[in-house]
Amino acid sequence: MLTCVESKLDLDAYFQEQMARPKRYEGQLSPTFQKALEDYHAGITEEDCDFYHTIDLGDGRLRTGAWDLRGHEEVYLGCCDVTVKRVIEAGPASGFLSAYMASKGADLVVFDLPFGGGPELVPFAEANMGELAASGRQSMKRLRNSWWYTKRKLGFQACAIYGDIYDPPKDIGRFDISVFGAILLHLSNPFRALQALSAITNDTVIVTDVWNAFSPETGAGANSLRKAHMIFAPSALPSGIVHWWGLSPEAICHMLERLGFPNATVTNHVPKNMPSAPPMFTVVARRAAR
C-alpha cells in the first residue's frame, strides 16, 4: 500500500514497506508514482550527485564521469535499433544511455536498486563490510540522483522503477528489448538477473560488459573466445568490492541460449574517447521463433 502524506506519496516509506512484502515494488509505473519520483528529486543539485558517465548537460557544461561513451552509443548497444521499441534498461547509472535511447524513440523504463538499497558486495575477510555497505548505500543514492538530474537537464522521456533485479515487479508488463550495460559483473548471480528480465522480453537482450581477464591483450588468446568462462572476484580492493565476475562473451551467449535467445552476435569495441579503457564486448541475442 502506498503511504500518503498530504496527498503526496512517501517514497521512503513505500520502499521500506515493500522490502517485506511477498509481491514487491508494484504500482511504480502509475502516473502518480512517477510524478512522486520526479517531485522527490526535483530539488537535487550537482553537489548531490555522483556522475558515472561523462555528460554534456546541454548548457555548455560537461560533467566528467568514469566512463565517456559520447559518440560510442550505437556500438555500445550492438547497433541494435531501439526506435519505437519498449525497452527496459537495468542499472542506468547517470542516464547517458537512457538519454540516447530515449532520443532514438525508445519507450524506456529504467530499473535500479530501491531506495535504501546498496550494491551487492564481494566478501573480503580483511574489510569492514558493514562500513562498506553503508558507503555503498550512500553512493547508490548519489548515483540515482545523477540520473534524475540528467533527466531534468536534458528533458528526455523515461519511467523509472526500483526493486530487486532477481525478482522484478510483476506488473511492469513485457518489453521488446532488455539492456544490461556493464552491470552483470557487479551481480553475485548474473544468470538469475538475465533469467528474470529475459522472461519478460519478447525479442532482444543486449549485454555489454568488460573483457577483463579474457582480453587477448592480457594473454587469454583467441581460443578463449570459444569457451564459456567466468572468473570469480577478479579484482582486488577497493574496486573489487563490487566486481563479482569476469565474464567471457561466450558465457553470456551460453546463458542466453538456455533462456531461449540462441541467435547471438558478438562485437568487440573500446570507447573512442577512452583509448586506454579496457576492451569491451556486446552480445545481442534474439529470441528463438516460437
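The structure we're discussing is the one just above.
Since we're looking at a predicted model, the values are computed, not measured. (Residues numbered from 1 in each chain as written. Predicted model: local features only at pLDDT ≥ 70, side-chain atom pairs only at ≥ 80, totals over all residues. Heavy atoms only, no water.)

Engineer: Got a minute to help me understand the side chain of Ser 178 in this structure?
Structural biologist: Along the chain, Ser 178 falls in strand β8 (residues 175–181). The contact partners of Ser 178, leaving out residues within four places of it in the chain, are Ile 88, Leu 197, Thr 201, Thr 204, Val 205 and Ile 206. (Helix = DSSP H or I, 4+ residues; strand = E, 2+ residues; numbered from the N terminus. Contact = heavy atoms within 4.5 Å.)

Engineer: Would you mind showing me how to read helix α7 (residues 249–258) here?
Structural biologist: Residues three or four positions apart in an α-helix share a direction because the helix packs 3.6 residues into each turn. What α7 keeps buried is the set Pro 249, Ala 251, Ile 252, Cys 253, Met 255 and Leu 256. Summarising the contacts, the buried residues of α7 are in contact with α6 (190–198), β9 (201–210), β10 (230–232), β11 (245–247), β12 (263–269) and β13 (280–286). The first or second residue beyond α7 is Gly 260, which carries a positive phi of 95 degrees. (Buried < 20%, exposed > 50% of the residue type's maximum accessible area, 1.4 Å probe, protein only.)

Engineer: What should I look at first to understand the pairing of β8 in this one?
Structural biologist: With six of its seven residues buried, β8 lies for the most part within the structure. Alignment of strand β5 (residues 86–90) against β8, held across four bridges, turns out to be parallel. Counterpart to Val 87 in the pairing with β8 is Ile 177. In this structure, β8 lies alongside β9, joined through six bridges in parallel fashion. (Pairing = 2+ DSSP bridges.)

Engineer: It is not clear to me how the pattern of salt bridges should be interpreted in this structure. Could you clarify?
Structural biologist: Working definition: two side chains of opposite charge can pair if their charged atoms are close together. Tallying each qualifying case throughout the model produces 11 salt bridges. Across the salt bridge formed by Asp 68 and Arg 70, the nearest N and O atoms sit 2.7 Å from each other. Classification of Arg 70 as partly exposed rests on a relative accessible area of 30%. Residue Asp 203 pairs with Arg 286 through a salt bridge whose shortest N-O separation is 3.3 Å. Highlighted residues: Asp 203 in strand β9 and Arg 286 in strand β13, separated in sequence by 83 residues. Residue classification places Asp 203 among the partly exposed residues on the basis of a relative accessible area of 35%. Members of the salt-bridge network, linked through shared partners, are Glu 46, Asp 59, Arg 61, Arg 63 and Lys 153. (Salt bridge = Lys/Arg side-chain N within 4 Å of Asp/Glu carboxyl O.)

Engineer: Help me understand the environment of Ser 103, please; the structure alone is not making it clear to me.
Structural biologist: The residue Ser 103 is located in helix α4 (residues 96–103) in this model. Between the alpha carbons of Ser 103 and Gly 71 there is a distance of 14 Å; along the sequence they are 32 residues apart.

Engineer: I keep staring at the side chain of His 72 and nothing clicks. Help me out?
Structural biologist: Relative to the assigned elements, His 72 resides in the loop between β4 (62–63) and α3 (73–76). In this view, His 72 contacts His 269, Val 270, Pro 271 and Lys 272; residues no more than four positions away in its chain are not counted.

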